[in-house]
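In case you want the letters, here they are:
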Amino acid sequence: MGAEQFTQYCKDNGLDISVVELDKSTRTAQLAAEAIGTELGSIVKSLVFLADGKPALVLVAGDRRADTRKLAQVLEAKKVKMADADTVRAETGFAIGGVPPVGHHTRLPTIIDRSLSRFETVYAAAGSPRAVFPIAYDVLLQVTAGQVADVTGD
Ligand code: 5CA
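Quick caveat: nothing in here was measured; it's all calculated off a predicted structure. All residue numbers refer to position in the chain's written sequence, counted from 1. pLDDT decides what is reported in this predicted model: residues at 70 or higher carry local features, side-chain atom pairs at 80 or more are listed and counted, and totals for whole chains, interfaces and linings draw on all residues regardless. Values shown for side chains rest on all heavy atoms present in the structure; no hydrogens or waters enter the calculation.

Enquirer: What's the story with the environment of Leu40 in this structure? I'm lost.
Expert: Per the convention used, a helix needs a DSSP run of H or I reaching at least four residues, while a strand needs a run of E reaching at least two, with both numbered from the N terminus. Looking at the element boundaries, Leu40 is found in the loop between α2 (29-36) and β2 (43-51). Along the sequence, Leu40 and Gln5 sit 35 residues apart, while their C-alpha atoms lie 26 Å from each other. In contact with Leu40, not counting residues within four places along its chain, are Ala29, Gln30, Ala33, Gly62 and Asp63. Two residues qualify as a contact provided that any one of their heavy atoms is within 4.5 Å of a heavy atom in the partner residue.

Enquirer: In this structure, what is going on with the side chain of His104? I would like to understand it.
Expert: Mapped onto the elements of the fold, His104 is located in the loop between α4 (85-92) and β6 (110-113). Only protein chains enter the area calculation, which uses a 1.4 Å probe; residues under 20% of their type maximum are buried, those over 50% are exposed, and those in between are partly exposed. Exposure remark for His104: the relative accessible area of 14% places this residue in the buried category. What qualifies as a polar contact is a pair of N or O atoms within 3.5 Å, subject to a donor-acceptor requirement within protein and to the restriction that residues adjacent in sequence count only when both atoms come from side chains. Within the local environment of His104, its side chain forms a polar contact with the backbone oxygen of Pro100, the two atoms lying 2.5 Å apart. Excluding residues within four positions of it along the chain, His104 makes contact with Leu57, Glu91, Thr92, Phe94 and Val99.

Enquirer: Looking at this model, I keep getting lost on the side chain of Thr92. Mind explaining?
Expert: With respect to the helices and strands, the residue Thr92 is situated in helix α4. At 2.7 Å, the side chain of Thr92 and the backbone oxygen of Val88 are in polar contact. Engagement of the side chain of Thr92 in a polar contact is seen with the backbone nitrogen of Phe94, the distance being 2.9 Å. Discounting residues that sit within four places of it in the chain, Thr92 has contacts with Met1, Val48, Val99, His104, His105 and Leu108.

Enquirer: Where do I start with the packing of aromatic side chains in this structure?
Expert: How two aromatic rings sit relative to each other is given by the distance of their centres and the angle of their planes. When the centres of two rings from Phe, Tyr and Trp lie within 6.5 Å, Trp using its six-membered ring, the rings pair. Their planes under 30 degrees apart give stacked, over 60 give edge-to-face, and anything left gives tilted. Under the criterion given, the structure shown has one aromatic pair. Seen in terms of ring centroids, Phe6 and Phe133 are 5.1 Å apart; in terms of plane orientation they differ by 40°. Their pairing is tilted. Here Phe133 lies in strand β8 (residues 131-136) and Phe6 lies in helix α1 (residues 3-12), a separation of 127 residues in the sequence. Given a relative accessible area of 1%, Phe133 falls into the buried group.

Enquirer: Please clarify how the pairing of β2 should be interpreted in this entry.
Expert: Looking along a regular strand, one sees the side chains alternate between the two faces of the sheet. With eight of its nine residues buried, β2 lies for the most part within the structure. Any two strands between which DSSP finds at least two bridges are classified as paired. Here two bridges tie β2 to strand β7 (residues 121-125), and the two strands are oriented parallel to one another. Bridged to Val44 within β7 is Ala124. Pairing geometry for β2 and strand β3 (residues 54-61), over eight bridges, is antiparallel.

Enquirer: Looking at this structure, I do not really get α1. What am I missing?
Expert: In an α-helix, one turn spans 3.6 residues; hence positions three or four apart end up facing the same way. Every buried residue belonging to α1 is among Ala3, Phe6 and Cys10, and all of these are buried. The buried residues of α1 all sit within an arc of 65° when viewed along its axis, so they share a single face. Turned more than 90 degrees from where α1 packs its buried face, Glu4, Lys11 and Asp12 sit exposed. In this fold, the buried residues of α1 make contact with β1 (20-21) and β8. Note: the arc covers the axis-to-C-beta directions of the helix.

Enquirer: Help me understand the pattern of salt bridges, please; the structure alone is not making it clear to me.
Expert: Note that side chains of opposite charge can pair when their charged atoms are close. The working definition used for a salt bridge is a side-chain nitrogen of Lys or Arg within 4 Å of a carboxyl oxygen of Asp or Glu. Applying the stated rule across the entire model yields three salt bridges. A salt bridge links Asp63 to Arg118; the nearest nitrogen and oxygen atoms lie 2.8 Å apart. Remark: Arg118 occurs in the loop between β6 and β7 and Asp63 occurs in the loop between β3 and β4 (65-66); sequence separation between them is 55 residues. The partner of Lys70 in a salt bridge is Asp150, and the shortest N-O contact between them spans 3.4 Å. Note that Lys70 is positioned in helix α3 (residues 68-74) and Asp150 in the loop between β9 (147-149) and β10 (152-153), a separation of 80 residues in sequence. The exposure class assigned to Lys70 is partly exposed, which follows from its relative accessible area of 22%.

Okay, here's the thing in structure tokens:
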């Protein structure tokens, strides 16, 4: 799936967003921040982890790193590891670099890095490595039905 499918998902679910297609790559948080001209921390990384083998989505501020030890506590799992590229595609329907925070194949349990709350508006991937969309932090919480937690370090 790509930006079109993500846009359609938003329409179908009454989520009023404007996808910004860029002519530069936004495949990493750093590139996305540069392309948009915003702070790195306001970019949402949509990362898939496996907690005792079960997938979970973790939304992390662009300037922070997910801490698997903290994630294991929040997810009540013994072992948490990052999903590989094939697993990310299988679980979300999107390729790494374009994974949006919602609109996946399956509804994944979602954890939201508390440090994203520094920003009123954040920017997330819109289904492709050249498309992002702004979303109010509060709306991101609503649409993902995510659990806010301290799951990152510097
Ligand atoms: N479009 C940007 C900003 S919105 C984006 O999607 N950023 S991201 O952080 O969500 O996606 C890139 C992340 O994917 C990297 O931070 C890295 O954690 C992860 N990643 C990159 N390559 C691989 C790989 N081969 N296997 C697993 N994870 C990977």
